[in-house]
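If you want the building blocks of each chain, they are given just below.
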Amino acid sequence: MTKSKAFVVGGGGETGRAIVEALLQDAHFEVTCSVRSPAAAHSALRTFRQQHGLKIVTANPLNDSVEYLASLLQGFDVVIVAVNAFSLSVQIPLIDASVKAGVKRFVPTNWGTPCPRGGIMDMRDEKEEIHDHIFRHRLGFTIIDVGTWYQVSFPRVPSGRLDYAAFDPSNEIYGDGETPNMLIDERDVGRITAQIIKDPRTLNKRVYCYGQILSQKEVGTIIRQKTGEELDLESVSAADIYDRIATARKAYAAEPQDWMKQVQLCQALYLPSKYLRGDNTPECSEYLGYISAHDLYPDFQYKAFEDFVDELLQGSVKKPYT
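All of the points below concern the structure found in this document. Computed from a predicted model, the values in this text were never measured in an experiment. (Residues numbered from 1 in each chain as written. Predicted model: local features only at pLDDT ≥ 70, side-chain atom pairs only at ≥ 80, totals over all residues. Heavy atoms only, no water.)

### Regarding the sheet that holds strand β1 (residues 4-9)
Taken in spatial order, the 5 strands make up an open sheet running β3-β2-β1-β4-β5, and their pairing is parallel. Of all strands in the sheet, those bounded by a partner on one side alone are β3 (55-58) and β5 (105-107). Each strand axis lies, on average, 20° off the axis of its neighbour in the sheet, ignoring direction. Bridge count for β1 against strand β2 (residues 29-35) is 6 bridges, and the pairing is parallel. When the bridges of β2 are listed, Val9 appears paired with Ser34. (Pairing = 2+ DSSP bridges. Helix = DSSP H or I, 4+ residues; strand = E, 2+ residues; numbered from the N terminus. Axes fitted to C-alpha atoms, helices over the stretch in contact; angles between N-to-C directions.)

See below:
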C-alpha cells in the first residue's frame with residue numbers, strides 16, 4: 001500500500017499531538033512534523049520519533065522563504081496546521097509554499113466551534129481570511145471543526161476532587177443554560193481527523209464532528225449524578241456577557257502586547273456564539289455548508305461525556321495546556 005505523506009505544523013501543541021499520534025497509529029500515513037528549532041521539539045514529538053519513526057524537520061514559516069518551505073513540502077499529499085489561535089498568520093506562507101510544492105490538500109487551523117464570519121468572533125474572522133487565501137489559490141482543502149473539548153467543559157464540585165484536571169474552572173451558567181453545544185473528548189480529535197483527511201469525499205469540504213451534544217444544564221446534571229455533589233453555579237445574563245466583551249476589548253486595546261489580554265478577549269467572544277446564538281450546533285454547521293462526520297463515518301466510536309466523567313473521578317484525565 002502506498003502511504004499518504006502528511007506534513008504537520010504545530011504537532012507539539014495540544015491538538016497537534018493528538019493528530020500526530022493518531023496519524024502514526026494509522027497505517028495509511030507517513031508523518032513528518034516541523035519544529036521551529038531542534039530545541040523547540042516537544043518531548044512528545046521526540047517520543048513519537050523514537051517509538052514510531054516520526055520524521056522531524058526544522059522550519060519557521062514566518063522567517064523562512066516560501067521557496068525553502070516549498071522544498072520541504074515537495075512530495076507531500078496533505079499539510080495539516082494545528083497552531084494556536086495567536087499564530088494563525090503562519091499559514092499564509094505555508095499556503096503559498098503548498099501551492100508551489102503541489103500539495104493536494106491543506107488542512108488549516110480550525111479545530112473549534114463553527115461560527116459565521118463578520119464580527120461575532122475576531123478569531124473566526126481571522127480564520128476565514130486564511131480560508132480566503134486558500135480559495136484564491138484554488139488549493140485543495142479540508143476545514144475541520146470539532147466543537148468544544150470535554151476537558152474544558154466541566155464545572156468544579158465543592159470537594160475539589162476534579163480540580164486536578166481543570167484548565168480554567170468556571171461555574172458560570174450563561175443565559176438560560178439550555179443552549180445545546182457540540183462537545184468532544186480531546187483525544188478523539190486526532191482519531192477523527194485521520195478518518196477525514198484520508199477520505200476523498202472530504203476534499204474541498206468543511207466537516208464538523210462531535211462526541212455529544214449537551215447544554216450546560218445537562219452537563220451539570222451528569223456531574224451531579226456522577227459525583228453526588230451539588231454545584232455552586234452563578235448565572236451570567238446576556239447583558240453581562242456583552243459587558244464582559246466590552247471590558248476585555250478595551251483592556252486589549254490599551255495593552256495589545258499583553259497576550260493574556262488577547263486570551264481574555266478571545267474567551268469572552270466565545271460566550272455569545274456558544275451560549276446565546278447557538279452557533280456550536282449541527283444545525284448551524286450545516287447552514288454554513290459543513291458536512292457531518294457522523295454521516296460519513298457512522299461506525300466511528302466517540303467517547304461519551306459520561307465515560308469521560310468516570311475517568312475524571314478515577315483521577316486519570318490529563319489537564320490540558322500544562
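Alright, that's what it looks like, and here's the rest.
### Observations regarding the packing of aromatic side chains
In total, this model carries 11 aromatic pairs according to the counting rule given. Ring geometry for Tyr150 versus Phe308: centroids 5.6 Å apart, planes at 45°, classification tilted. With Tyr150 in the loop between β7 (148-149) and β8 (172-174) and Phe308 in helix α12 (residues 305-314), this residue pair connects regions lying 158 residues apart in the sequence. Each member of the pair, Tyr150 together with Phe308, is buried. Among the aromatic residues, ring-to-ring pairing joins Tyr150, Phe154, Phe305 and Phe308 into one connected group. Sitting over the face of the ring of Phe76, Lys5 holds its NZ or CZ atom 4.8 Å from the ring centroid. (Phe/Tyr/Trp six-rings, centres within 6.5 Å; stacked < 30°, edge-to-face > 60°. Buried < 20%, exposed > 50% of the residue type's maximum accessible area, 1.4 Å probe, protein only. Lys NZ or Arg CZ within 6 Å of the ring centre and 35° of its normal.)

### Observations concerning helix α1 (residues 14-24)
Where burial is concerned, most of α1 is hidden: 10 out of the 11 residues are buried. Listing the buried residues of α1 in full gives Glu14, Thr15, Gly16, Arg17, Ala18, Ile19, Val20, Ala22, Leu23 and Leu24. Contacts from the buried residues of α1 go to β1, β2, α2 (43-52), β4 (78-81), β7 and α6 (186-197). (Contact = heavy atoms within 4.5 Å.)

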